[in-house]
Amino acid sequence: MKKNDFVITFSTKKEGEATKDLSLKIKTIFPKQIKHLIILFTPHYHPSSILRTIKLTLKPQTIVGIQAPFLIFERTILQKGIVACCINKESVEIDSTYSRTKELHEIEEILN
């Protein structure tokens, strides 16, 4: 991918400030249109607050959000923070699926 097709950024600021910080960083690289946005965040942030700010500021076509107890960014383990990955390449398609199963064989089938 070319540099202008893809950007990753992160913030460890307070909840409202972190999402605005990410949005500003992404908007400086992609000022017009945001295609796909993947958000990884720790439990310190409320998903609805993140979603509300992202929809208002970036208006991406696709949003995928994942909460995790820790994040790894640039070889650093973050106990608190938000990481955003923006993909603006034309040929990229993102499909998502949600499953409540804990059975390994069923998870493997979904991923395949």
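Above this text sits the structure in question.
Owing to the predicted nature of the structure, the values given are computational and were not obtained by experimental measurement. Per chain, residue numbering runs from 1 following the sequence as it is written. Reporting of local features is limited, given that this is a predicted model, to residues whose pLDDT is at least 70; pairs of side-chain atoms are given and counted only at 80 or more, and all residues count toward the totals for whole chains, interfaces and linings. Side-chain numbers come from the whole structure's heavy atoms, not from hydrogens or water.

**What to know about the overall build of the protein chain**
Right, on to step 1. Check the secondary structure of the protein chain and you find 3 helices and 6 strands.
Right, on to step 2. Only DSSP runs of H or I reaching four residues or more are called helices, and only runs of E reaching two or more are called strands; each is numbered from the N terminus. When the helices and strands of the protein chain are listed from N to C terminus, the series reads β-α-β-α-β-β-β-β-α.
Right, on to step 3. Taken over C-alpha atoms, the radius of gyration is set against a globule rule of 2.2 Å times the number of residues to the power 0.38. For 112 residues, the compact-globule estimate of 2.2 N^0.38 gives 13 Å, and the protein chain sits close to it at 15 Å.
Right, on to step 4. Along the three orthogonal principal directions, the C-alpha set of the protein chain runs to about 45 × 35 × 30 Å.
Right, on to step 5. Exposure categories follow from relative accessible area, calculated using a 1.4 Å probe and restricted to protein chains: below 20% of the type maximum is buried, above 50% is exposed, and the middle band is partly exposed. Taken over 112 residues, the protein chain has a buried fraction of 35%.
Right, on to step 6. Taking contacts inside the protein chain between residues at least 6 apart in sequence as the whole, the part at least 24 apart equals 77%.
Right, on to step 7. In the form shown here, the protein chain has an accessible surface area of approximately 8,000 Å², with 54% of it arising from carbon and sulfur atoms. Contacts are residue-level and defined by heavy atoms, with any inter-residue pair within 4.5 Å sufficient. Note that accessible areas follow from Shrake-Rupley with a 1.4 Å probe, and for residues the cover is restricted to the protein chains shown.

**Side note on the pattern of salt bridges**
Any two side chains of opposite charge can pair if their charged atoms end up close together.
Right, on to step 1. When a carboxyl oxygen of Asp or Glu is within 4 Å of a side-chain nitrogen of Lys or Arg, the pair counts as a salt bridge. Under the counting rule described, the total for this entry stands at 2 salt bridges.
Right, on to step 2. Here Asp21 and Lys25 are joined by a salt bridge, their closest N and O atoms 3.3 Å apart. One end of the pair, Asp21, and the other, Lys25, are both in helix α1 (residues 15-29), 4 residues apart, so they sit about a helical turn from each other.
Right, on to step 3. Given the relative accessible area of 15%, Asp21 is considered buried.
Right, on to step 4. Residue Lys25 is classed as partly exposed on the basis of its relative accessible area of 33%.
Right, on to step 5. In this structure, a network of salt bridges that share partners links the residues Lys13, Asp21 and Lys25.

**Digging into the packing of aromatic side chains**
Right, on to step 1. What counts as a ring pair is set by centres within 6.5 Å for rings of Phe, Tyr and Trp (its six-membered ring), and what kind of pair is set by the plane angle: stacked under 30 degrees, edge-to-face over 60, tilted for all other angles. Scanning all chains against the criterion turns up 1 aromatic pair.
Right, on to step 2. A ring pair is formed by Phe10 and Phe73, whose centres lie 4.4 Å apart and whose planes are at 45°; its orientation type is tilted. Of the two residues, Phe10 is situated in strand β1 (residues 6-11) and Phe73 in strand β4 (residues 71-73); the sequence distance between them amounts to 63 residues.
Right, on to step 3. Judged by relative accessible area, which is 28%, Phe10 ranks as partly exposed.
Right, on to step 4. Two thresholds decide whether a charge sits over a ring: the Lys NZ or Arg CZ must be within 6 Å of the ring centre and within 35 degrees of the ring normal. Lying across the ring of Phe10, Lys25 places its NZ or CZ 5.9 Å from the centre.

**What about helix α2 (residues 47-57)?**
What sets the pattern is the α-helix's 3.6 residues per turn: residues three or four places apart point alike.
Right, on to step 1. Among the residues making up α2, those that are buried are Ser49, Ile50, Thr53 and Ile54. Along α2, the residues classed as buried sweep out an arc of 125° about the axis, all on the same side. In this structure, α2 carries Arg52, Lys55 and Leu56 as exposed residues pointing more than 90 degrees from its buried face.
Right, on to step 2. Structurally, α2 contributes buried residues whose contacts are with α1, β2 (36-41), β3 (62-67) and β6 (82-87).
Right, on to step 3. Of the residues flanking the end of α2, it is Lys59, one or two places downstream, whose phi is positive at about 50°. Directions pointing from the helix axis toward each C-beta atom define the arc.

**Notes on α1**
Right, on to step 1. Look at α1: 22 Å from first C-alpha to last across 15 residues, which is about the 21 Å you get at 1.5 Å a residue.
Right, on to step 2. Three or more residues of α1 are buried, namely Glu15, Ala18, Thr19, Asp21, Leu22, Ser23 and Ile26.
Right, on to step 3. The elements touched by buried residues of α1 are β1, β2, α2 and β6. By this rule the span expected of a helix is its residue count minus one, scaled by 1.5 Å.

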